[in-house]
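For reference, the chains in residue letters:
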Protein chains: 2
Amino acid sequence: MTGLLGSMPATIYEVAQKAGVGIGTVSRVLNNSSQISPQTRARVLQVIDKLNYQPHAMAQGLARKKSLTIAALMPFFTGHFYVELLKGIQQATARHKYDLILYSIEDLHDKDFYLKRALQQRRVDGVLLVSLPLSDAYAKEFQRRKLPLVLVDTSHADFDSFTVNNQSGAHAAVQHLIRLGHKRLAMITGHRESKPAQLRYTGFRRALAEAGIKLPEGLLISSDTLSGESITLNDGFNKETGYRAMQKLLQLNGIRPTAVFVASDIQALGAMQAMQESGLRVPEDMALVGFDDIELAEYVGLTTIKQPMFQMGQRAVERLMALINDPNSPRQHRRIETELIIRDSCGAKKEIKHKH
Amino acid sequence: MTGLLGSMPATIYEVAQKAGVGIGTVSRVLNNSSQISPQTRARVLQVIDKLNYQPHAMAQGLARKKSLTIAALMPFFTGHFYVELLKGIQQATARHKYDLILYSIEDLHDKDFYLKRALQQRRVDGVLLVSLPLSDAYAKEFQRRKLPLVLVDTSHADFDSFTVNNQSGAHAAVQHLIRLGHKRLAMITGHRESKPAQLRYTGFRRALAEAGIKLPEGLLISSDTLSGESITLNDGFNKETGYRAMQKLLQLNGIRPTAVFVASDIQALGAMQAMQESGLRVPEDMALVGFDDIELAEYVGLTTIKQPMFQMGQRAVERLMALINDPNSPRQHRRIETELIIRDSCGAKKEIKHKH
DNA sequence: ATGAAAGCGCTAACAC
DNA sequence: GTGTTAGCGCTTTCAT
């Protein structure tokens, strides 16, 4: 039927010809333009269907100056956090019938390269920048090009952003401990220069202050005050720092805390190991709350703060789509609230445990 | 300098004009064509650099009938396996200077939709289909269109594929147990209809046969012979089936096995839980080997079979690129070998343990 | 070696 | 309403 051209996909010309109309008409029904007589529209649609015609994405993109594609630049997968985020992004993108190009950033050189690519070459309709700081040079570039940009887990005054509310998350964690009756609390966290570490610390202090509890000396342990090989890894949020920090806490006789807020689950795991080696049990000897809700947290029954990354990914895409459709939509900086996941590491006092 | 057009990216025309050459010439240096005088080439390159010019991907794609993009269709992330795979895919794709469009398949309707999209809209130069069976209808379609396709973790006679060698992996796992001196072995696995389950079983049998060991009745437990809610989940590879299967094994007095090969780590976790509840210890009371090397495996010290997904992703992309460059390249069905990761769940006999 | 011109498949402005 | 035509930004003959 399709003759010699049978193996090549149909073009708008063939559709037009078979339907006995001009290509403009076909284009119109494709974009379901305002006024087309129902008859011709039906006829064209029929041919389209018969030829199994689908418009050529690049030709459309070129003519329309739109790609129906967005790019996500993200550091590749340090676990759960990014996987969930990517899922959310992917799903929302698909729902809008957009394609998602994934650029993974392993070092800062990559970032530049891909940013440039997204900006100039690939002409995506919008970009999502995840966890990476946006330099002023690129900020200007995005503005000049009027290319919609949404930041996720990072921020910049001039662009829309979605970040986790670290402070209120930490606050909720500590409040939970306090509600359970704990009065002598400690905190283990990452490097003091780390922004999340700072915010989580603020939340911790705030919760203590509200309960009229003060933090004795030595009950706050930041990674950078420790010694050890991998101390600097991942902003101090790693198993070894958790382990060493807990060892330090355990040496505190007399003022040993009854509960500790560990600013990351991975550190909490290290802390648990240290406790175990000292013959101490969680939560009997010491209650623990983590932060992140990594996969292992569920397995070991660690009560923790979950960051709703899936949702964050979705919302970021929704926002990006809104910006694509209305570039003048006012800037929004959204702070996503966390969720307290209660498991076994704090024991139960007046609380009902939610077992998963 | 760029005047009113300053906010739009430069085109090949502007480059040509500023360099005092025709657009054809610019195009030639862009594609570093054979013969261009070093001088003009230098001059053009200089202008390109000054204008910060980068070719427009869609225009190039349209003219060249190539998109420099591939698509990966995959069921979205059931953990580690897919994350590693995606990392490998992403990295190899980037190395070839291709872009990666990610289509996530949540149900079979998605699969159809995206397959059609990739196939007809000519957005991509090749596709990677992961873990999903390819229907004959689409197989024909890919052939007709001559669109390069590589299957990963799934296969079809007519297309290149990369799959894990389930059989030899299982064989290695069981051989390990046998070398450790175990003579009474059992196996816990997923549904009997599951292809991986079948292959792993074959590997198990082969290892036993080679050692002259026979499998007494009742020492092979498939998920579909169990009862319980989530028994059917994920082809029977889930925690509950592992748990129940182990319970069943534990009821076997007299012929209780000293070691069991569990065909998935997640089931091994369930099995361990059942043992723990019965006051039994791993490996003292029973040795365990899993399959998959999920994240938790390391945490609980489970000896297991690792599937090198990162590598598989990379190789699949390499193959796809080869096909894109030479569509007539002969078909290859690659079987990727697994790796035995020795941890603590088998104890040590004559073996040296590799501790991670 | 290089300029001119004809597409690539589509959209959109312009006629009628 | 619908056909015609001029681009979109590039590659690629075809001349020269």
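Q: Account for the interface of chain B and chain A, naming residues and giving values.
A: The extent of an interface is frequently quoted as the accessible surface area lost upon association of the parts. Contact residues are listed per partner, giving 47 residues for chain B and 46 residues for chain A. Each partner contributes to the roughly 4700 Å² buried at the junction of chain B and chain A, and carbon and sulfur atoms together form 55% of this total. Summed over the three residues of chain B that lose the most area to chain A, namely M58(B), R122(B) and Y299(B), the buried surface amounts to 15% of that side. The interface formed by chain B and chain A holds 4 salt bridges in total. The residue R117(B) makes a salt bridge to D99(A) at a minimum N-O spacing of 2.7 Å. Counting residues per element, the ones that place at least two in the side of chain B that touches chain A are α4 (57–64), α5 (80–95), β2 (99–105), α6 (108–120), α7 (136–145) and α12 (295–300) of chain B. The class makeup of the residues in the side of chain B that touches chain A is 22 nonpolar, 12 polar and 13 charged.

Q: Describe the relation of the copies chain B and chain A, with residues and values.
A: Note on the copies: chain B fits chain A at an RMSD of 0.3 Å, the axial shift is 0.0 Å, and the rotation between them is 179 degrees. Classification of the inter-copy transformation places it as that of a two-fold axis. Of the interface residues in chain B, 94% have counterparts in chain A that sit at the interface too, so the contact is made through matching surfaces.

Q: Summarise the protein's contact with DNA strand C; cite the residues concerned and give the values.
A: Neighbouring residues of DNA strand C: 28 residues in total, closest I12(A), Y53(A), T25(B), R28(B) and Q35(B). Taken together, the sugar and phosphate atoms account for 67% of what DNA strand C places within 4 Å of the protein. One nitrogen or oxygen atom from the main chain of H56(A) is found 3.1 Å from a phosphate oxygen belonging to DNA strand C. Within the contact set of DNA strand C, a phosphate oxygen lies 3.1 Å away from a side-chain nitrogen or oxygen of K65(B). Elements with a contribution of two residues or more to the surface near DNA strand C: α1 (12–19), α2 (23–30) and α4 (57–64) of chain A together with α2 (23–30) and α4 of chain B. Tallied by class, the residues present in the surface near DNA strand C amount to 12 nonpolar, 12 polar and 4 charged.

Q: Which residues make up the domain arrangement of chain A, and what values do they have?
A: Here chain A is partitioned into domain 1 (12–63) and domain 2 (166–308 + 340–355). The C-alpha-based centres of domain 1 of chain A and domain 2 of chain A are spaced at 62 Å.

Q: Summarise the protein's contact with DNA strand D; cite the residues concerned and give the values.
A: Taken together, 29 residues lie around DNA strand D, and T25(A), R28(A), T40(A), I12(B) and Y53(B) are the ones closest in. The protein-proximal atoms of DNA strand D, defined as those within 4 Å of the protein, are 64% sugar or phosphate. Y53(B) places a polar side-chain atom, nitrogen or oxygen, 2.5 Å from a phosphate oxygen of DNA strand D. Taking A59(B), its main chain carries an N or O atom lying 3.4 Å from a base nitrogen of DNA strand D. Mapped by element, the contributors of at least two residues to the surface near DNA strand D are α2 and α4 of chain A together with α1 (12–19), α2 and α4 of chain B. Looking at the surface near DNA strand D residue by residue, the class counts come to 12 nonpolar, 13 polar and 4 charged.

Q: So what about the packing of α1(A) against α2(A)? Which residues, and what values?
A: Any two packed helices are characterised by the angle at which their axes cross and by the distance between the axes. All names here are of chain A. One can describe the packing of α1 onto α2 by two numbers: an axis separation of 8 Å at closest approach and a directional angle of 105 degrees. In terms of orientation, α1 and α2 fall into the roughly perpendicular class. Where α1 approaches α2, its residues I12, Y13, V15 and A16 are matched on the opposing element by I23, V26, S27 and L30. For the contact of α1 with α2, the residue count by class is 7 nonpolar, 1 polar and no charged.

How each quantity is defined
Residues numbered from 1 in each chain as written. Chains lettered and ligands numbered in written order. Predicted model: local features only at pLDDT ≥ 70, side-chain atom pairs only at ≥ 80, totals over all residues. Heavy atoms only, no water. Contact = heavy atoms within 4.5 Å. Buried area = accessible area lost by both parts, 1.4 Å probe. Salt bridge = Lys/Arg side-chain N within 4 Å of Asp/Glu carboxyl O. Helix = DSSP H or I, 4+ residues; strand = E, 2+ residues; numbered from the N terminus. Nonpolar A, V, L, I, M, F, W, Y, C, P; charged D, E, K, R; others polar. Least-squares fit on C-alpha atoms with pLDDT ≥ 70 in both. Near = heavy atom within 4 Å. Polar contact = N/O pair within 3.5 Å; in protein donor to acceptor, adjacent residues only side chain to side chain. Domains from an automatic or database assignment. Axes fitted to C-alpha atoms, helices over the stretch in contact; angles between N-to-C directions. Parallel < 35°, antiparallel > 145°, perpendicular 65-115°, else oblique.

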